[in-house]
Amino acid sequence: MRLDHISYVASHDELINVVQRMGANIGSAFIDGGIHPRFGTRNFTLPLANGHYLEVVCPLEHPAADTSPFGQAVTQRANEGGGWLTWVISMEDLSPVEARLDRIAVDGSRKRPDGTELRWKQLGVLGTLEDSQLPFFIQWLTSDHPSIEGKAIAKISKIEISGDESKIENWVGTDLSKTFDGIEIVWVDSKDEKNQTGIIAVHLSTPNGNLRID
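Only a predicted model underlies this, so the values are computations on that prediction, with no experimental measurement involved.

Definitions and limits used
Residues numbered from 1 in each chain as written. Predicted model: local features only at pLDDT ≥ 70, side-chain atom pairs only at ≥ 80, totals over all residues. Heavy atoms only, no water. Phe/Tyr/Trp six-rings, centres within 6.5 Å; stacked < 30°, edge-to-face > 60°. Helix = DSSP H or I, 4+ residues; strand = E, 2+ residues; numbered from the N terminus. Buried < 20%, exposed > 50% of the residue type's maximum accessible area, 1.4 Å probe, protein only. Pairing = 2+ DSSP bridges. Contact = heavy atoms within 4.5 Å. Polar contact = N/O pair within 3.5 Å; in protein donor to acceptor, adjacent residues only side chain to side chain. Axes fitted to C-alpha atoms, helices over the stretch in contact; angles between N-to-C directions.

In this structure the tally under the stated criterion is six aromatic pairs. Ring centres 5.7 Å apart and planes at 50 degrees place the aromatic pair tryptophan 87 and phenylalanine 180 in the tilted group. Residue tryptophan 87 is located in strand E5 (residues 83-90), and its partner phenylalanine 180 is located in the loop between helix H7 (176-179) and strand E10 (184-188); the two are separated by 93 residues in the primary sequence. With respect to class, tryptophan 87 is no different from phenylalanine 180; both count as buried.

This is the structure in structure tokens:
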């Protein structure tokens, strides 16, 4: 169980601008990840060190964006003005989490512009939709992980999170320090964030210095 990636939401109209601006600040170009047909969303990804990656995702004008939990979560965040959606935890086998949370994983896939397909299972997005401080879980079914799609020049050094640490740990099922191995977690009082919970900011170490993205 480890941090897999972090997701940032933009509206469909702002997606390219956000990707270009964020990539310029980091000093690396995002890769077009393609469309998630089951979820009604589209993403761009940027590889980071230590097997992580950054995703910028937007909702599409597609029925699945209104009916699938992930599509709903992305659409809701886009309607709020965009920003950090959540972090995602990777596991080799989701069955223990399915049993513990009494939820069933759903299949996900996307085709890159070059035609290659990525496939995975994900679980817990309804939890994220209902409570923004809760991450969801992923099990990759293909080996071509987005963190190796290009050269990673930046790494996550710190994440600021607003929420209840004990509640999140109960949801995850383990000590969060194991999940975020080597990444500093700063807990922020939700009262200071207008009661917003979840990721407040992500700090990246880049060749140009430290960068805080809120």
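Continuing now.
Moving on: the pairing of strand E4 (residues 53-59). Of all the seven residues making up E4, seven are buried; the element is thus mostly covered by neighbouring parts of the structure. The side-chain alternation of E4 yields two buried faces, one formed by Tyr53, Glu55, Val57 and Pro59 and the other by Leu54, Val56 and Cys58. Taken together, the five bridges between strand E1 (residues 2-9) and E4 define a ladder with parallel strand orientation. If you follow valine 9 over to E4, its bridge partner there is valine 57. Of the strand pairs in this sheet, strand E3 (residues 41-47) and E4 are connected by seven bridges, and their pairing is antiparallel. Bridge pairing links arginine 42 to cysteine 58 in E4. Between E3 and E4, which pair antiparallel in sequence order, lie five residues; one of them, asparagine 50, sits at a positive phi of approximately 65 degrees.

This brings us to the environment of glutamate 98. Here glutamate 98 shows up in helix H4 (residues 95-101). In the structure, glutamate 98 is positioned 26 residues away from glycine 124 in sequence and 8.9 Å away in space, judged by C-alpha atoms. Setting aside anything within four residues of it in sequence, one finds glutamate 98 in contact with Arg103, Ile104, Ala105 and Leu123.

In the sheet, strand E11 (residues 198-206) pairs with strand E12 (residues 209-213) via five bridges, with the strands oriented antiparallel. Counted as the bridge partner of valine 202 is isoleucine 213 from E12. What sits between E11 and E12 in their antiparallel hairpin is a turn of two residues.

Here we take up the environment of serine 162. Tracing the sequence through the fold places serine 162 in strand E9 (residues 155-162). Linking serine 162 and isoleucine 200, residues 38 residues apart in sequence, is a C-alpha distance of 6.6 Å. Discounting residues that sit within four places of it in the chain, serine 162 has contacts with Gln133, Val188, Asp189, Ser190, Gln196, Thr197, Gly198 and Ile200. A polar side-chain atom of serine 162 sits 2.7 Å from the main-chain carbonyl oxygen of glutamine 196.

The pairing of strands in a sheet happens through backbone hydrogen bonds and is either parallel or antiparallel. Read across the sheet, four strands follow the order E10-E9-E11-E12 without closing on themselves; strand pairing throughout is mixed. Taken across any chain shown, the strands that pair with only one partner, and hence form the sheet edges, are E10 and E12. Strand-to-strand twist across the sheet, computed as the mean angle between neighbouring axes with direction ignored, equals 20 degrees. Of the strands in this sheet, E11 and E12 touch helix H1 (residues 15-26), which is tilted by about 155 degrees from E12.

Note that valine 202 resides in strand E11. Taking the C-alpha atoms as reference, valine 202 lies 6.3 Å from glutamate 160; in sequence the two are 42 residues apart. If sequence neighbours within four positions are ignored, valine 202 has contacts with Ile6, Trp84, Ile156, Lys158, Ile159, Leu211, Arg212 and Ile213.

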